[in-house]
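As a plain string of letters, each chain reads:
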Amino acid sequence: MIVPLMTLAAAAVMTATVAAAQNLDAGKAPERLFADGCATCHRSPRGLAKGRFSLTLTWFLKDHYATSSDTAKALAAYLESVDTPPQAAAKPGAKRTAPHPPKPSQTH
Ligand code: HEC
């Protein structure tokens, strides 16, 4: 296979950033899967899980979209993680959605 020089140069520059995204489909992050396969119709992953059980959601995704159950599971977990109600959202992905400010107990 012939690789254009431009690609090589770009790859050399961006190796550190892109290396993690060079895996096969199975290794893709759920965010990536969503962006590639779902964002066309669903603008945001939010509001899709709708509080469903992850098993139900996994079945739905496997049945309707994803080819492998691993992918469906990863997507289901992702949809749920961005869909959790505020009181349960202690995850790093749930930024900027906190409805209340931090507790004032530590202020001077
Ligand atoms: C070709 C357009 C299209 C693509 C691509 C697509 N969807 Fe959908 N999806 C729909 C439509 C249309 C519905 C039905 C919406 C409804 O009934 O409110 C739906 C419904 C859903 C639902 C159920 C939502 C509900 O309200 O019950 C989930 C979850 C979902 N999609 C996830 C995904 C995921 C994850 C992907 C990527 C793997 C994906 N979709 C890709 C069009 C699409």
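These figures come from a predicted structure and were not determined experimentally.

Asker: Would you mind going over the coordination of the iron atom of the ligand with me for this structure?
Answerer: Tetrahedral metal sites with four donors have an ideal angle of 109.5 degrees; octahedral sites with six donors have ideal angles of 90 or 180 degrees. Here the iron atom of the ligand is held by H42 (NE2) and Y65 (OH), and the distances to it run 1.9 to 2.0 Å. Each of the six donor atoms around the iron atom of the ligand contributes to a set of angles spanning 76 to 178°, which defines the coordination as octahedral. On the criterion of sequence distance, the pair formed by H42 in the loop between α2 (30-37) and α3 (54-64) and Y65 in the loop between α3 and α4 (69-81) is long-range, its members being 23 residues apart. Residue classification places H42 among the partly exposed residues on the basis of a relative accessible area of 29%. Among the residues examined, Y65 registers a relative accessible area of 52% and is labelled exposed.

Asker: Is there a simple way to think about the packing of aromatic side chains in this case?
Answerer: How two aromatic rings sit relative to each other is given by the distance of their centres and the angle of their planes. Counted according to the given criterion, the structure contains two aromatic pairs. Ring geometry for F60 versus Y65: centroids 6.1 Å apart, planes at 65°, classification edge-to-face. Note that R52 overlies the ring of F60, its terminal NZ or CZ placed 5.7 Å from the centroid.

Asker: Help me understand the site of the ligand in this model?
Answerer: All residues adjacent to the ligand are G37, C38, C41, H42, L48, K50, R52, L57, F60, L61, Y65 and L75. Separating a nitrogen atom of the ligand from a side-chain N or O atom of H42 is a distance of 2.7 Å. Y65 is positioned such that a nitrogen or oxygen atom in its side chain is 2.5 Å from a nitrogen atom of the ligand. More than half of the atoms of the ligand fall within 2 Å of the grid points belonging to the largest pocket. In terms of residue count, α3 provides more of the shell around the ligand than any other element does, three residues in total. The residue makeup of the shell around the ligand, split by class, is eight nonpolar, two polar and two charged.

Asker: When you look at the environment of G27 in this model, what are you seeing that I'm missing?
Answerer: Structurally, G27 is set in the loop between α1 (5-18) and α2. We classify G27 as partly exposed; its relative accessible area is 47%. Remark: the alpha-carbon pair of G27 and D70, spanning 43 residues in sequence, is separated by 9.9 Å.

Rules used in this analysis
Residues numbered from 1 in each chain as written. Predicted model: local features only at pLDDT ≥ 70, side-chain atom pairs only at ≥ 80, totals over all residues. Heavy atoms only, no water. Donors = N, O, S within 2.8 Å, 3.2 Å for Na, K, Ca; no water. Tetrahedral: all angles 85-135°; square planar, octahedral: opposite > 155°, others 65-115°. Helix = DSSP H or I, 4+ residues; strand = E, 2+ residues; numbered from the N terminus. Buried < 20%, exposed > 50% of the residue type's maximum accessible area, 1.4 Å probe, protein only. Phe/Tyr/Trp six-rings, centres within 6.5 Å; stacked < 30°, edge-to-face > 60°. Lys NZ or Arg CZ within 6 Å of the ring centre and 35° of its normal. Near = heavy atom within 4 Å. Polar contact = N/O pair within 3.5 Å; in protein donor to acceptor, adjacent residues only side chain to side chain. 1 Å grid on protein atoms, 1.4 Å probe; cavity = no way out; pocket = protein on both sides within 12 Å on 5 of 7 lines; lining within 4 Å. Sits in = over half its atoms within 2 Å of the grid points. Nonpolar A, V, L, I, M, F, W, Y, C, P; charged D, E, K, R; others polar.

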